Amino acid sequence: MLSDSTSNLGSRFWALLIIFWGFIALSILLIQQSLTNGDLKTHVVFSITLFVSAIVTCPVIKWLIHYFDWTNARNVSTWVYLVIACIVGSYSAAILINALLGGYYLLAGKASMFVFFWNAVYSIWLLMNLLMLLWTVIYVILVYVNKLSSMELKQSEAALKLKEAQLNSLIGQLNPHFLFNSLNNIRSLMLEDVSKSRDVLTSLSDFLRYSLSNNNQAFQTIENELNIVRDYIALALVQYEERLDYHENIDESLLAYKVPPMLIQLLIENAIRHGIDRCQGKGKLGLTISRCKDNIIINVVNPGDLTQKVAINEQQRSTGLGIKNIKQRLNLLFNEQASFNLSEDNGVVKAEVIFPLKKHNDTQSQG
């Protein structure tokens, strides 16, 4: 059983009913008057009684439609039931019309014109049956279309909630090895430089706070993301020291624009784990953020060799926040409008992420 509250047509039913049957009654009045040139008052009364009978009968049919859920326009049985309901409803309306007309004739002193023979009921019933069936078809189709729209909206909302849940799950991940290594490095550093260890501990605290507090947001500004990346680099420098040579090339006009949270950090972490960590000597790690038309382009370069199958397999089997995580998040947020490419040239690996600027920029002009 369907409730009127579930349909947007519920509040508009009476307006649609009055407009439809008002148009029908007026049309019949004009047709009768133009064809017969009879008593105008009689024709007016007939149109009024037809309108009143429809206003009384149609809500009953509407109630049956919703009570028995006769709203599936693609179901043949639905139309069988609707035809039966229209036959019974129109017959009842025909009897009501004749009764009202008879009352008018009696009150107007035209008892000789009072006719209530079955053939009169049948003729009016035929007209009402056609009109009521037309009204019912229109109403059921409107209800069916509205129902489909509501279902599509609910499905879209459910899909959005699923995406948000998946994103929160991905963003909320934290590489335990990085955390353990950072804590061990800070403990060792405290024996050598307490002041520096305090600064590094602050960086770790800021990094953890940011990663945990922003796991329910789809986007963050590039400026905020760069701050957390620099905290991460500060922690990595404790472990790698001179082996890590980090530099940035950032388009300052993009700082207020937004990117998926932790995305840049994931690229940097992946570059360190699979590049700097395997580099025998000093490794250069570069981050470039630029704009090309309506796209943001993020490039991270590090030493490495993708031609070694072992390295590639290890990279793909990574249990931390790696390439698989990046691809999943880009797919959830941008579908096919974003891309992630990993390439290698002369011992330098480049990770490149491209995604549309206009999809999530609400505060800046496209310029």
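Above this text sits the structure in question.
What comes next concerns the included structure. (Residues numbered from 1 in each chain as written. Predicted model: local features only at pLDDT ≥ 70, side-chain atom pairs only at ≥ 80, totals over all residues. Heavy atoms only, no water.)

**Some words on the sheet that holds strand β2 (residues 244-250)**
Spatially, β2-β4-β5-β7-β6 is the arrangement adopted by the five strands of the open sheet, whose pairing is mixed. The sheet is open, and its two borders are formed by β2 and β6 (339-345), each paired with just one other strand. On average, adjacent strands in this sheet sit at an angle of 15 degrees to one another, irrespective of strand direction. With seven bridges connecting them, strand β4 (residues 283-292) and strand β5 (residues 295-303) associate as antiparallel partners. Paired with Ser290 across the strands is Ile297, a residue of β5. Together, β2, β4 and β5 form the strand contacts of helix α7 (residues 222-240), whose direction differs from that of β2 by roughly 170 degrees. Each of β6 and β7 (348-356) touches helix α10 (residues 323-334); the most contacted strand, β6, lies at about 145 degrees to it. (Pairing = 2+ DSSP bridges. Helix = DSSP H or I, 4+ residues; strand = E, 2+ residues; numbered from the N terminus. Axes fitted to C-alpha atoms, helices over the stretch in contact; angles between N-to-C directions. Contact = heavy atoms within 4.5 Å.)

**Looking at unusual backbone geometry**
Residues other than glycine seldom take positive phi values, yet Asp69 does so here, at roughly 55 degrees. Secondary-structure assignment places Asp69 in the loop between α2 (40-67) and α3 (76-107). Backbone geometry at Lys293 places phi at a positive 60 degrees, although glycine is not the residue there.

**Notes on the nonpolar core**
In terms of nonpolar packing, the biggest core is built from 42 residues, with Ile268, Ile272, Leu285, Leu287, Ile289, Ile298 and Phe355 touching the most fellow members. When contributions to this core are tallied by element, the ones reaching two or more residues are α6 (194-213), α7, β2, α8 (263-274), β4, β5, α10 and β7. Considering every element that reaches this core, the biggest residue donor is α7, with eight residues. Ile298 has contacts with Val259, Leu263, Ile264, Leu267, Leu287, Thr288, Ile289, Ala351, Glu352, Val353 and Phe355, leaving out every residue within four places of it along the chain. (Core = buried A, V, L, I, M, F, W, Y, C linked by side-chain atoms within 4.5 Å. Buried < 20%, exposed > 50% of the residue type's maximum accessible area, 1.4 Å probe, protein only.)

**A look at the pattern of salt bridges**
Counted according to the given criterion, the structure contains two salt bridges. Among the salt bridges present, the one from Lys147 reaches Asp69, with a minimum N-O distance of 3.9 Å. Of the two residues, Lys147 is situated in helix α4 (residues 118-171) and Asp69 in the loop between α2 and α3; the sequence distance between them amounts to 78 residues. Note that Arg230 and Glu248 form a salt bridge whose closest N and O atoms lie 2.8 Å from each other. With Arg230 in helix α7 and Glu248 in strand β2, this pair connects stretches of sequence that are 18 residues apart. Using a relative accessible area of 38% as the deciding quantity, one classes Arg230 as partly exposed. (Salt bridge = Lys/Arg side-chain N within 4 Å of Asp/Glu carboxyl O.)

**Some remarks on the packing of α2 against α3**
The contact between α2 and α3 brings their axes to 8 Å, and the two run at 145 degrees. α2 and α3 meet at a crossing whose hand is right-handed. In this structure, α2 uses Lys41, Thr42, Val45, Phe46, Thr49, Leu50, Val52, Ser53, Val56, Thr57, Ile61 and Ile65 to contact α3, whose residues at the interface are Leu82, Ala85, Cys86, Gly89, Ala93, Leu96, Ile97, Leu100, Leu101, Tyr104 and Tyr105. Of the residues belonging to the contact of α2 with α3, the class tally is 17 nonpolar, five polar and one charged. (Left-handed = near helix turned anticlockwise from the far one by under 90°. Nonpolar A, V, L, I, M, F, W, Y, C, P; charged D, E, K, R; others polar.)

**What to know about α8**
With twelve residues, α8 ought to run about 16 Å at 1.5 Å a step, and its terminal C-alpha atoms sit 17 Å apart, in line with that. Taken across its twelve residues, α8 has eleven buried, putting it largely inside the fold. For α8, the full list of buried residues reads Leu263, Ile264, Gln265, Leu266, Leu267, Ile268, Glu269, Asn270, Ala271, Ile272 and His274. (Expected span 1.5 Å × (residues − 1).)

**Examining the packing of helix α1 (residues 13-36) against α2**
In contact at an axis separation of 9 Å, α1 and α2 are set at 150 degrees when each is read in the N-to-C sense. Considering their axes alone, α1 and α2 lie roughly antiparallel with respect to each other. Both α1 and α2 take part in a crossing whose hand is right-handed. (Parallel < 35°, antiparallel > 145°, perpendicular 65-115°, else oblique.)

**What to know about the packing of aromatic side chains**
Evaluated as defined, the whole model comprises 13 aromatic pairs. Each ring, one from Phe20 and one from Trp135, has its centre 5.4 Å from the other, and the planes form 45 degrees; the classification is tilted. Taken together, the residues Phe20 in helix α1 and Trp135 in helix α4 connect sequence positions 115 residues apart. According to the relative accessible area criterion, Phe20 is buried, its value standing at 15%. Trp135 gets classed as buried once you look at its relative accessible area, which sits at 6%. (Phe/Tyr/Trp six-rings, centres within 6.5 Å; stacked < 30°, edge-to-face > 60°.)

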